[in-house]
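For reference, the chains in residue letters:
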Amino acid sequence: MCEVLAPGLAVSVLRAVFQEVHVQSLLQLDRHTVYSIIRNFMRTREEELKGLGADFTFGFIQVMDGEKDPRNLLVAFQIVRDLIVQEYTLGPFVEELFEVTSCYFPIDFTPPPNDPHGIQREDLIVGLRSVLASTPLFAEFLLPLLIEKMDSDLQSAKLDSLQTLRACCAVYGQRELKEFLPSLWSSLRREVFQTASEKVEAEGLSALQALSACLSRSVLSSDGEDLLDSFLTSLLQDCRHHLCEPDMKLVWPSAKLLQAAAGASRRAGHQISASVVPLLLEQYNQHPQSSQRRTILEMLLGFLELQQKHGPEEADDNPLLGSKATLCSVVFSAVTDPSVQLQLVGIRTLAVLGALRGLLNPADVELLVDHLTRLILHEEDSKSCEAAMEVAGALAPLYPEAFSGRLVQVLSEELQTAPQEEPLQSQHSRWRRCLQALAAVSTHSGIVRDTVPVLLQCLRRAQKGNVPSGAHSVVSICQSLQRVAVQCQQDPGSGWYFHQAVVPCLLGLAVQAGMQENSSPALGKVLLEEEALTAMVPVISAACTHLSPELAAQSASHVVLLFLDGELAFLPDNSFPRSFQPFQNRQCPALAQRRLVSLLMAFVCSLPRNVPIPQLDRLLHELLALSCSCDCPFTATAAAKCFAGLVNKHPPGSQLDELLEAAVNRLEPDLAEGPHRHQALALLLWVTKALLLRYHPLSARLTDKLLALLGDVALGPAVGDGFSLLMADSPDVLCKSCHADVRLMFRQRFFTESVPRLVKGFHAAAPDAKANYLKGLSHVLSHLPKPVLVTELPTLLSLLLEALSCPDCVVQLSTLRCLQPLLHDAPDVMSLHVDTLVSKFLSLTESPAMVIRIAALQCLHALTHLPPPVLLPYKPQVIRALAKPLDDKKRLVRKEAVAARGEWFLLGSPGR
Amino acid sequence: MKGGGKVDNVNPLIYRRSGERPVTAREEDDELPDTINDHEIFDLIRSINDPEHPLTLEELNVVEQVRVKVTDAESTVAVEFTPTIPHCSMATLIGLSIKVKLIRSLPERFKVDVHITPGTHASEHTVNKQLADKERVAAALENTHLLEVVNQCLSARS
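The rules we used
- Residues numbered from 1 in each chain as written.
- Chains lettered and ligands numbered in written order.
- Predicted model: local features only at pLDDT ≥ 70, side-chain atom pairs only at ≥ 80, totals over all residues.
- Heavy atoms only, no water.
- UniProt positions renumbered as here; feature names shortened; annotations may be inferred.
- Helix = DSSP H or I, 4+ residues; strand = E, 2+ residues; numbered from the N terminus.
- Buried < 20%, exposed > 50% of the residue type's maximum accessible area, 1.4 Å probe, protein only.
- Contact = heavy atoms within 4.5 Å.
- Buried area = accessible area lost by both parts, 1.4 Å probe.
- Salt bridge = Lys/Arg side-chain N within 4 Å of Asp/Glu carboxyl O.
- Disulfide = S-S within 2.5 Å.
- Phe/Tyr/Trp six-rings, centres within 6.5 Å; stacked < 30°, edge-to-face > 60°.
- Lys NZ or Arg CZ within 6 Å of the ring centre and 35° of its normal.
- Patch = residues over 30% accessible without salt bridge, like charges linked within 9 Å, V, L, I, M, F, W, Y side chains within 5 Å.
- Areas by Shrake-Rupley, 256 points an atom, 1.4 Å probe, with all protein chains shown as cover.
- Lys, Arg positive; Asp, Glu negative; His and termini not counted.
- Charge placed at Lys NZ, Arg CZ, Asp CG, Glu CD.
- Pairing = 2+ DSSP bridges.
- Axes fitted to C-alpha atoms, helices over the stretch in contact; angles between N-to-C directions.
- Expected span 1.5 Å × (residues − 1).
- Bend = angle between axes of the 7 residues up to and from the residue.
- Parallel < 35°, antiparallel > 145°, perpendicular 65-115°, else oblique.
- Left-handed = near helix turned anticlockwise from the far one by under 90°.

- By the naming in an unreviewed UniProt entry, chain B is MIP18 family-like domain-containing protein, taken from Sphenodon punctatus.

- Per an unreviewed UniProt entry, chain A goes by the name MMS19 nucleotide excision repair protein and belongs to Sphenodon punctatus.
- Under the UniProt heading Subunit (unreviewed entry), the note attached to chain A is "Component of the CIA complex."
- On record in UniProt, under Sequence similarities (unreviewed entry), the comment for chain A is "Belongs to the MET18/MMS19 family."

In structure tokens, the structure reads:
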């Protein structure tokens, strides 16, 4: 329409509207039309309208004066904002325009119930704010208004004023703010000092920060005074003395105010730090109590962090440089203090201090590393020790030489020499600490090359039995290696180094152990224990997941041929007494060797999907055979997992179909009867999971098999538990991190396909088998995302309620854990069953198992989220019944009972 | 109590909150009973909110673990509390909150005694007498306004 309007007509139309129509006496809809006309013209005829000059502005002011409808206000606010932003002439009408909009501030609007227009209070607030904060021209009128409203008793008005002030600071300059700075500061200070609400405090602080940023931004004229300087001076004057009273309430609000202002810009940070840091250092030395020192150091830490945030300073200009010596001595004294709390803050400060560029000289760094070394090795408190390790890891890339030369050196010496006079317990814990520290500090490629050989050396000694407490040590070493591996993943160079150094070594040691077992039973057996092998799996896995395809393929051919053909050549110190043939030999040594299939699994299942695996078909058939026929459950499960991991990544096609057909044929007879039923079930579960994850059509058939087995007398309970395996993330195979084919919604899909059948099966099952179905169901439900659960709940709730009466502890617990979040998220549905819920929960509070009593009480606590009218009839009953668990013999139960009963007392009471 | 109104003590001394108690292996053992001790009672009352400040009684040092005495076998609990200033007008209210919290949280067999630490408040005896009088406590809780304030003190902080 607008395009065909002749030039000039828009102006005439508007003139007519302004002169002839008294807009505010029209109906809402017609007023809305007027606004739309104006807005449309502003979009298409900007030039023409601007020709009207200030008349247009005045006209519009008259149009919107007195508007009350929120729908119209939203449009009107937009028009005013466009007037300002698109630079229409406001002429002498700035104040009128401000008056006609600011009269709505602060917005006080509650949408009527069942409001069809969906306008929220927040929409109006944002609309109005975009008008008020759009131009510096409004400043002289707006700032007094904001200062007045900050003093309001209404929290919403306070918050709105503070947020609007922050928005204004984005467009204002020194000139607008100058006159109002003292009163703005005193209002902000009052809000932060006196408020009870964290929200008001946070908004106050961010408004102050915006103010300080705005003052820092403005360009100074040559003769003008620097407002930032005088503003910060008054801040410091009002806050500094509170920092000297570390026990009093106002100490933290003052520190926060100063930190907010200092965080705005480098200049502000500089000025405040220059004044506050020396003061805090002096105060630290004047207050001998550790709790006071801790408060002071925490504040200091905040200021140092800001310094770090603003980046490196010019060398001669750093405000910290002058007090560096005192700063170091304060921080070093804190980390040697006997109070752990102070120590912990000291350690955090150490981290920031170390990360500040250009502050510490090499001698300071050495001292810092020595302090960390002492904390790591000799500090008794485990929290301080852990914190120190973390700091060492964070600082190591900045000072690799210092850490290599000192910390790593000391740690490896400590690991070599085990003092004999110590009791075994402390010897072991010391040992573990060194291992953890070695891993923590391996955050730089140079350091990794120092620490990995030390760790591997420990492993060799463990194999020879030269370390305290056997398998536990192997586990600790492997945990450290795994951590190093994860830290190396992002850097291809370190990653490949780690892979080459660690994988052959681990395999070599394990193979050697597998061969030795017969000749000398005590020696080397450690590495074959389940615990040890399980700990090696994540190390190998983490060393493989991030390799480039070429390097991975090279390594894969070595490893696969080792297992299939016994090719030992690539292993270090390859003098092996006999051959390695885990898949062929049926004699005794092969039994031990077969356990290493778990390492094979860790390797091949973690490779990226595009890495070719040599002789894949043969490998798969060997694994299949092993998983069904091996007597040792550990080996059989490892083989089944390995098979499943490979099947999951196998490209689709006839080859895969044949393979799966072969697997199913192999499974069925074993599953039906014979000595290997449990092994066959494990294979079935893992293969089902592998196919489920990639949405393979065969998974439905396998799920059917599992559902049928739930009714089996011998296998039923194991199948019920197996559902948790299907739904949970498994850590070593079939997970996203080892490149498995995992579809996003597989859980929901499995849920929709299997749950109706589980429910049907439950109703049809024999009384003994019902628990198996409930177990399966509760595992499926507990792994489901909450939003899905909430929508599906009404159909399942009756079953869950029945599950609460099931005598099986696993079912009870998982059902309670399943219901608890629903009480928060779906109160309406749950309200319908309140009667059953109350009585079942109450009866479970007398369960013999402590975990169930606790879970039941937590559910009773969560019940209070239902609407009070539903609950009030039960209040006396519940309060009376909860008196009993208050006297439970376990403290943890009593604690939950207290929490639940307290909430029930508050129900329907004033002041809740 | 929020906003307006005159606060007795604007810038009080504040103390650090002790964290959640770590759970020991013994406590996780289903069989072994845990007796109710001073620490457990202190855990009940330390998180009560002060009627004036957005702080807990522990942070204001109004309650301390050393001033809690419990004998599980004899079913008695005695708690002393220390108002921040000797003329604190909130003393009765704080005492009432502690008492109500303990009555709601302890098994019925316990006899609960709450009183002011000797020598720390101007009208110590009056307050103690009020807190010890069962009927007056019951009557106080019939008063909607008082109940509201007490419940606010006992609500979990949002």
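Following the structure, the description resumes.
## Comments concerning the UniProt feature "domain: MMS19 N-terminal" (unreviewed entry) in chain A
- The sites that UniProt annotates as "domain: MMS19 N-terminal" (unreviewed entry) are residues 6-194 of chain A.
- Along residues 6-194 of chain A the backbone is 68% helical and 0% strand, and the end-to-end C-alpha distance reaches 62 Å.

## Quick word on unusual backbone geometry
- Residue Phe105(A) is joined to Pro106(A) through a cis peptide bond whose omega torsion reads -10°.
- Residue position: Pro106(A) is located in the loop between α6 (94-102) and α7 (121-132).
- Even without being glycine, Tyr695(A) reaches a positive phi, approximately 60°.
- Here Tyr695(A) shows up in the loop between α33 (677-693) and α34 (698-709).
- A relative accessible area of 23% means that Tyr695(A) is categorised as partly exposed.
- The backbone phi angle of Ser75(B) is positive, close to 55°, even though this residue is not glycine.

## Description of the interface of chain A and chain B
- Between chain A and chain B, the residue contacts involve 33 residues of the former and 41 residues of the latter.
- Taken together, the two surfaces of chain A and chain B that pack against each other cover about 3000 Å², and 49% of this comes from carbon and sulfur.
- Put simply, chain A and chain B have four salt bridges between them.
- In this structure, Glu40(B) and Arg894(A) form a salt bridge, with 2.7 Å as the shortest nitrogen-oxygen distance.

## As for the state of the cysteines
Residue and element names in this part refer to chain A.
- Within the structure shown, the criterion is met by zero disulfides over all chains.
- No disulfide involves Cys 239; its nearest neighbouring cysteine sulfur is the one of Cys 244, lying 12 Å away.
- Using a relative accessible area of 0% as the deciding quantity, one classes Cys 239 as buried.
- The thiol sulfur of Cys 434 is not disulfide-bonded, and the nearest other cysteine sulfur, from Cys 458, lies at 8.8 Å.
- Classification of Cys 434 as buried rests on a relative accessible area of 1%.

## A look at the packing of aromatic side chains
Residues and elements named next belong to chain A.
- Summed over all chains, the structure comprises eight aromatic pairs over all chains.
- Geometrically, the ring pair formed by Phe 77 and Tyr 104 is edge-to-face, given 5.8 Å between the ring centres and 75° between the ring planes. Here Tyr 104 lies in the loop between α6 and α7 and Phe 77 lies in helix α5 (residues 70-85), a separation of 27 residues in the sequence.
- Phe 77 sits in the buried class, given a relative accessible area of 1%.
- When its relative accessible area of 16% is taken as the criterion, Tyr 104 is described as buried.
- Among the aromatic residues, those joined into a cluster by ring pairs are Phe 18, Phe 56 and Tyr 88.
- If you follow Lys 50 out to its NZ or CZ, it ends over the ring of Tyr 88, 5.3 Å from the centre.
- For the cation-ring pair, Arg 749 lies above Tyr 695, with the distance from its terminal atom to the ring centre recorded as 4.0 Å.

## Brief notes about a negative patch on the surface
All names here are of chain A.
- Taken together, the side chains of Glu 95, Glu 96, Glu 99, Glu 140 and Glu 179 make up a negatively charged region of the molecular surface.
- When residues in the negative patch are grouped by element, the largest group, three residues, is from α6.
- Note on placement: Glu 140 falls in helix α8 (residues 139-150).

## Quick notes on the pairing of strand β3 (residues 111-116) of chain B
- As paired strands, strand β2 (residues 76-81) of chain B and β3(B) are joined by six bridges and run parallel to one another. By the bridge assignment for β3(B), Val79(B) is matched with Val114(B).

## Quick look at the sheet that holds strand β1 (residues 68-71) of chain B
Residue and element names in this part refer to chain B.
- If you walk across this open sheet you meet the three strands as β1-β2-β3, and the pairing is mixed. Each having just a single partner strand, β1 and β3 make up the two edges of the open sheet. The mean angle between the axes of side-by-side strands here comes to 10°, regardless of whether they run parallel or antiparallel.
- In the packing of helix α2 (residues 38-46) onto the sheet, contacts are made with β1 and β2, and the angle to β1 comes to roughly 125°.
- Helix α4 (residues 124-132) contacts β2 and β3 of the sheet and is inclined by roughly 160° relative to β3.

## Focus: the environment of Leu281(A)
Residues and elements named next belong to chain A.
- Assignment of secondary structure puts Leu 281 in helix α15 (residues 266-286).
- For Leu 281, a relative accessible area of 3% gives the class buried.
- Residues Leu 281 and Leu 297, spaced 16 residues apart in sequence, show a C-alpha to C-alpha distance of 8.4 Å.
- In contact with Leu 281, not counting residues within four places along its chain, are Leu 300, Ser 323, Thr 326, Leu 327 and Val 330.

## Observations concerning α15(A)
Residues and elements named next belong to chain A.
- Given a rise of 1.5 Å per residue, 21 residues ought to cover 30 Å, and the 29 Å separating the end C-alpha atoms of α15 matches this to within 8%.
- Bending of α15 peaks at approximately 35° at the position of Ser 273.
- Listing the buried residues of α15 in full gives Ala 268, Gly 269, Ile 272, Ser 273, Ser 275, Val 276, Val 277, Leu 279, Leu 280, Leu 281, Gln 283 and Tyr 284.
- Its buried side turned inward, α15 meets α12 (198-217), α13 (227-243), α14 (251-262), α16 (290-309), α17 (324-335) and α18 (340-355).

## Looking at the packing of helix α44 (residues 875-882) of chain A against helix α45 (residues 891-906) of chain A
Residue and element names in this part refer to chain A.
- The geometry of α44 relative to α45 is characterised by a closest axis approach of 10 Å and an angle of 155° between their N-to-C directions. In terms of their interaxial angle, α44 and α45 are classed as roughly antiparallel. Both α44 and α45 take part in a crossing whose hand is left-handed. Packed against α44, whose contacting residues are Lys 875, Val 878, Ile 879 and Leu 882, the element α45 presents Ala 900, Arg 901, Trp 904 and Phe 905 at the interface.

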